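So you can see what is in the structure, the chains are spelled out below.
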Amino acid sequence: MEFKDVIRRRRMVRHYTDQPIAPETVERILASALRAPSAGFSQGWAFLALTEAADRARFWPFVPTRMAQTPTMQLAPLVVIPLAHKAAYLARYAQADKGWEDQAEARWPVPYWHIDTGMASLMMLLSAVDEGLSACFFGIMPQQGPDFDAVVEVPKHTDALRAEFGIPAEYVPIGGICIGYRAPDTPAQGAHVADRRRGTADVIHRGQWGVHAE
C-alpha cells in the first residue's frame, strides 16, 4: 500500500471479527515497533503481545469501560500492551557519551520514555493498516469511585494488570492496542468527524505563532 494511503486510511476501529491473523503478519506488525525513534537510542520500551484467546480474556477485565461500550473490540485476535521503561533512559544518559553524571529524572524536560513508546505504538498502528487490518489504541484508565475525583493513584492503577501478567514494576503500561479485521457492519465514520477535523491552516504556524499563510 502506498504510504500516503496508509496515513489516509488510519483510524481507530472498535468493531472486529474473530478472523485470525496469520502468524507472519503478527510478527511483522510487532517488529515494526522496533523501528521507532528513541532518545539516545535508549529503546526504553517493551511490548506484551497477547495472541492466545485465554490471555486476551485475562486482559479485557482490566479495561471495563471498553468492554461495556464496545464489546466487539474483544474479538480482535491481537492485543498489544506497550510498556515504557524509564530506567533505560536514565541509565543511557548517565553514560560517558551523553555527559550526564547522574540519573536525575529532573534533567528531562518531558518523559521521553512515554513519548517514544507512543511512537512505537503508532508504528504498529500504521503497519496494521499496511497489512490490510484495523487497529485501535486505547487507555487503561484508573477506576473511579463515587466521587469523580476519587481515582486510584496513577500509575498504581496498573499494579493489578502487571501482577496478572508478571510485568516488572519498572515497566509502565501506556495503554493497549487491539488489531484485527474490521467487522463488516462497522458504523461509517460520521460526518461530524470530518467537520471537526482541523486543517493545516488551523494548527500549523509558520515562522511565528499566529501566522498561518504559506
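The rules behind the values
- Residues numbered from 1 in each chain as written.
- Predicted model: local features only at pLDDT ≥ 70, side-chain atom pairs only at ≥ 80, totals over all residues.
- Heavy atoms only, no water.
- Helix = DSSP H or I, 4+ residues; strand = E, 2+ residues; numbered from the N terminus.
- Buried < 20%, exposed > 50% of the residue type's maximum accessible area, 1.4 Å probe, protein only.
- Contact = heavy atoms within 4.5 Å.
- Areas by Shrake-Rupley, 256 points an atom, 1.4 Å probe, with all protein chains shown as cover.
- Patch = residues over 30% accessible without salt bridge, like charges linked within 9 Å, V, L, I, M, F, W, Y side chains within 5 Å.
- Salt bridge = Lys/Arg side-chain N within 4 Å of Asp/Glu carboxyl O.
- Core = buried A, V, L, I, M, F, W, Y, C linked by side-chain atoms within 4.5 Å.
- Pairing = 2+ DSSP bridges.

(A) Molecular detail of the overall build of the chain. When its secondary structure is counted, the chain shows 9 helices and 5 strands. Mapped in sequence order, the helices and strands of the chain form the string α-α-β-α-α-β-α-α-β-α-β-β-α-α. Counting only C-alpha atoms, the chain reaches 55 × 50 × 45 Å along its principal axes. Classification of the 214 residues of the chain by burial places 35% in the buried group. In the chain, 74% of the contacts between residues at least 6 apart in sequence involve partners at least 24 apart. Looking at the chain as shown, the accessible area adds up to about 12600 Å², and 54% of this sits on carbon and sulfur atoms.

(B) Highlighting a nonpolar patch on the surface. On the surface, a nonpolar cluster with roughly 290 Å² of combined accessible area is contributed by V110, Y112, I115 and M119. With respect to the secondary-structure elements, V110 resides in the loop between α5 (86-92) and α6 (112-130).

(C) Region of interest: the nonpolar core. One finds Y16, F59, W60, M73, F138 and C178 to be the most contacted residues of the largest nonpolar core, which totals 19 residues. Listed by contribution, the elements that provide at least two residues to this core are β2 (78-85), β3 (134-138) and α7 (159-165). Top contributing element to this core by residue count: β2, with 3 residues. Each residue touching M73, except ones within four places of it in the same chain, is listed here: R14, Y16, W60, R66, C136, F138 and C178.

(D) Quick peek at the pattern of salt bridges. Scanning all chains against the criterion turns up 7 salt bridges. Residue K86 is joined to E105 by a salt bridge in which the shortest nitrogen-to-oxygen separation is 2.9 Å. Separated by 19 residues along the polypeptide, K86 in helix α5 and E105 in the loop between α5 and α6 bring together distant segments of the chain. Residue class for E105 comes out partly exposed when judged on its relative accessible area of 40%. Here the salt bridges share partners, and the residues they tie into one network are D55, R58 and E164.

(E) Local environment of the pairing of β3. Among the 5 residues of β3, 4 are classified as buried, and the element is accordingly described as predominantly covered. Where β3 lies against strand β5 (residues 176-180), 5 bridges are found, and the strand directions are antiparallel. Across the sheet, residue S134 finds its bridge partner in β5, namely G180.

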